[in-house]
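Examination of the molecular architecture
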Amino acid sequence: LTLGFSNVMMIQLSEAMAAREEYKLLDKDNFLITAQDTIDIARTAGQDLDMTLLDIENISEIKDRMGEDWWGSFRGAVTELLCSQSADGQAAAEIDIGRYSIIHDKSVTTDSLLSQLAALAQERAPGEEGMEVKGKTVQADIQSLSERETSKALVYTINEFERKGTSLNIETLNSGFKAYVSANAHKIQQFKTMIDQLNFDFHYQPIVDVDTLEVAHYEMLARFKDQGSTQEWIVFGEDIGMAADFDIA
């Protein structure tokens, strides 16, 4: 039995949360969790979502000129704008000062977000001509990715945004996952070689009957030879779709 939110229920949930709680931008780690949950719900409901990344350039210099009181007021207005436009009232984050990410449905466009943010900047900081807002939308294409692939694509894309701003070369979460795989090409080959050469040992851990103190049976554990944490390699193998190769080996 699969339970999922309908579009109407998601709207009602968003309105109910907005009514009883103040809007709050998430940090990066919590955004990744919330974004994954939001996308999983949308996948179940057959709903399409996008992720838009927004960058207010020179915001640090403007903040220094305008002061902390101005920054608190401006940031609060940005928070309300982005949360109100997000898919569920929560899926919006401040990745770094002046850099924001938001998960939203197709009715919200990059252009509309940019124009609203630019208008807000002009209203709250008149005369600050150096305040330039840039945006990039990454299509979620959630039906083409598994939950684990979506998670890796989200992490890779947000990390790239944190490093490069809106100049990152990722158009969809699918391409973000491919970029993640490409960036780990050497590690993939290393994992493949370890499997092909059977570069692992087995260790047998005794399971003891607490009543008799006799060994009841053994748990068999795999350990890669001189290659770091086995758990990390197994998780990595699952991420890139090679877990079955190791199981067979």
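A short tour of the structure in this document, coming up.

Criteria and thresholds
Residues numbered from 1 in each chain as written. Predicted model: local features only at pLDDT ≥ 70, side-chain atom pairs only at ≥ 80, totals over all residues. Heavy atoms only, no water. Helix = DSSP H or I, 4+ residues; strand = E, 2+ residues; numbered from the N terminus. Buried < 20%, exposed > 50% of the residue type's maximum accessible area, 1.4 Å probe, protein only. Polar contact = N/O pair within 3.5 Å; in protein donor to acceptor, adjacent residues only side chain to side chain. Phe/Tyr/Trp six-rings, centres within 6.5 Å; stacked < 30°, edge-to-face > 60°. Lys NZ or Arg CZ within 6 Å of the ring centre and 35° of its normal.

1. Let's talk about the environment of Ser-175
Summarising the element assignment, Ser-175 is placed in helix H7 (residues 173-183). Residue classification places Ser-175 among the partly exposed positions, given a relative accessible area of 26%. Of note is the side chain of Ser-175, whose polar atom sits 3.3 Å from the backbone nitrogen of Glu-171.

2. Comments concerning the packing of aromatic side chains
Enumeration over the complete set of coordinates arrives at twelve aromatic pairs. Look at Trp-71 and Phe-74: their rings are 6.2 Å apart centre to centre, the planes differ by 35°, and that puts the pair in the tilted class. Within this pair, Trp-71 and its partner Phe-74 are both found in helix H4 (residues 68-85), separated by three residues, close to a single helical turn. Judged on exposure class, the residue Trp-71 and its partner Phe-74 are both buried. A ring pair is formed by Phe-200 and Phe-224, whose centres lie 6.1 Å apart and whose planes are at 85°; its orientation type is edge-to-face. With Phe-200 in strand E5 (residues 200-208) and Phe-224 in strand E6 (residues 215-224), the pair connects residues that are 24 residues apart, well separated along the chain. When sorted by exposure, Phe-200 lands in the same class as Phe-224, which is buried. Members of the aromatic cluster, each reached through a chain of ring pairs, are Phe-191, Phe-200, Phe-202, Phe-224, Trp-233, Phe-236 and Phe-246. Seen from the ring of Trp-233, Lys-187 lies directly overhead, with NZ or CZ sitting 5.4 Å from the centre. Above the plane of the ring of Phe-236 lies Lys-187, whose end atom (NZ or CZ) is 4.6 Å from the centre.

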